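Below are the chains, spelled out letter by letter.
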Amino acid sequence: MRFQRVVTMVLVLDIDRALRFYRDRLGFTVQFEEEDWVVFEQGVGLMLSPEPLPQDNIFLNAISLSLYVEDISAAYGELIDHGVAFLVVPTDVGGATVASFRDTEGNLIQLLQVN
């Protein structure tokens, strides 16, 4: 079996807020957009969808997203300029450098540069 594409769905509470974050702050390109979902095209698809979330634990279906970059310092600086608040500044973790932040819905996003 060979997979031709991988699509990850990020469950969100506020699709308009999430769309602005991924499009305007992270620079993702919208491929398809409907009233209740958006698909970006960045090598793999990222779908935002305001699916019903459990009331007891809103982050039950949350994901961690890693974005591979060639130059983490440049990507970090660009995202800071776009108003992204980082939890972890670029840090060498042995074999890779990572920097972490959260999207508008609390999902963990990590920039990753393989050293």
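Computed from a predicted structure; not experimentally measured. (Residues numbered from 1 in each chain as written. Predicted model: local features only at pLDDT ≥ 70, side-chain atom pairs only at ≥ 80, totals over all residues. Heavy atoms only, no water.)

**Student:** Let's hear about the nonpolar core: which residues, and what values?
**Tutor:** Nonpolar side chains in soluble globular proteins generally cluster together in the buried interior. In terms of nonpolar packing, the biggest core is built from 22 residues, with Tyr22, Leu26, Phe101, Ile109 and Leu111 touching the most fellow members. Counting residues per element, the ones that place at least two in this core are α1 (15-25), β3 (37-41), β5 (64-68), α2 (72-81), β7 (96-102) and β8 (108-114). If one sorts the elements of this core by residue count, α1 sits on top with five residues. With sequence-adjacent residues up to four places away left out, Leu26 is seen in contact with Phe21, Leu79, Val84, Phe101 and Ile109. (Core = buried A, V, L, I, M, F, W, Y, C linked by side-chain atoms within 4.5 Å. Buried < 20%, exposed > 50% of the residue type's maximum accessible area, 1.4 Å probe, protein only. Helix = DSSP H or I, 4+ residues; strand = E, 2+ residues; numbered from the N terminus. Contact = heavy atoms within 4.5 Å.)

**Student:** Can you tell me about a negative patch on the surface, naming the residues and giving the values?
**Tutor:** Judged by side-chain charge, Asp14, Asp16, Glu33, Glu34, Glu35 and Asp36 come together as a negatively charged surface patch. Tracing the backbone shows Glu33 in strand β2 (residues 30-34). (Patch = residues over 30% accessible without salt bridge, like charges linked within 9 Å, V, L, I, M, F, W, Y side chains within 5 Å. Areas by Shrake-Rupley, 256 points an atom, 1.4 Å probe, with all protein chains shown as cover. Salt bridge = Lys/Arg side-chain N within 4 Å of Asp/Glu carboxyl O. Lys, Arg positive; Asp, Glu negative; His and termini not counted. Charge placed at Lys NZ, Arg CZ, Asp CG, Glu CD.)

**Student:** Give a description of the side chain of Gln113 that names residues and reports values.
**Tutor:** Relative to the elements of secondary structure, Gln113 occurs in strand β8. Given a relative accessible area of 19%, Gln113 falls into the buried group. A distance of 2.7 Å separates the side chain of Gln113 from the backbone nitrogen of Ile72, its partner in a polar contact. If sequence neighbours within four positions are ignored, Gln113 has contacts with Val69, Glu70, Asp71, Ile72, Ala96 and Thr97. (Polar contact = N/O pair within 3.5 Å; in protein donor to acceptor, adjacent residues only side chain to side chain.)

**Student:** Tell me about α1, residues and numbers included.
**Tutor:** Listed as buried for α1 are Ile15, Ala18, Leu19, Phe21 and Tyr22. Down the axis of α1, the buried set is contained in an arc of 165 degrees. They therefore lie on one face. Where α1 ends, the next residue or the one after it, Gly27, has phi of about 80 degrees, a positive value. (Arc of directions from axis to C-beta.)

**Student:** If you had to explain the packing of aromatic side chains to someone new, which residues and values would you point to?
**Tutor:** In total, this model carries seven aromatic pairs according to the counting rule given. Measuring from ring centre to ring centre gives 6.1 Å for Tyr22 and Phe40, while their planes differ by 35 degrees; the resulting arrangement is tilted. With a gap of 18 residues between them, Tyr22 in helix α1 and Phe40 in strand β3 connect regions that are remote in the sequence. Classification of Phe40 by relative accessible area gives buried; the value is 0%. Between Phe28 and Phe40 the ring centres are 5.7 Å apart and the planes differ by 80 degrees, which places this aromatic pair in the edge-to-face class. With Phe28 in the loop between α1 and β2 and Phe40 in strand β3, this pair connects stretches of sequence that are twelve residues apart. Across this residue pair, the class does not change: Phe28 and Phe40 are buried. (Phe/Tyr/Trp six-rings, centres within 6.5 Å; stacked < 30°, edge-to-face > 60°.)

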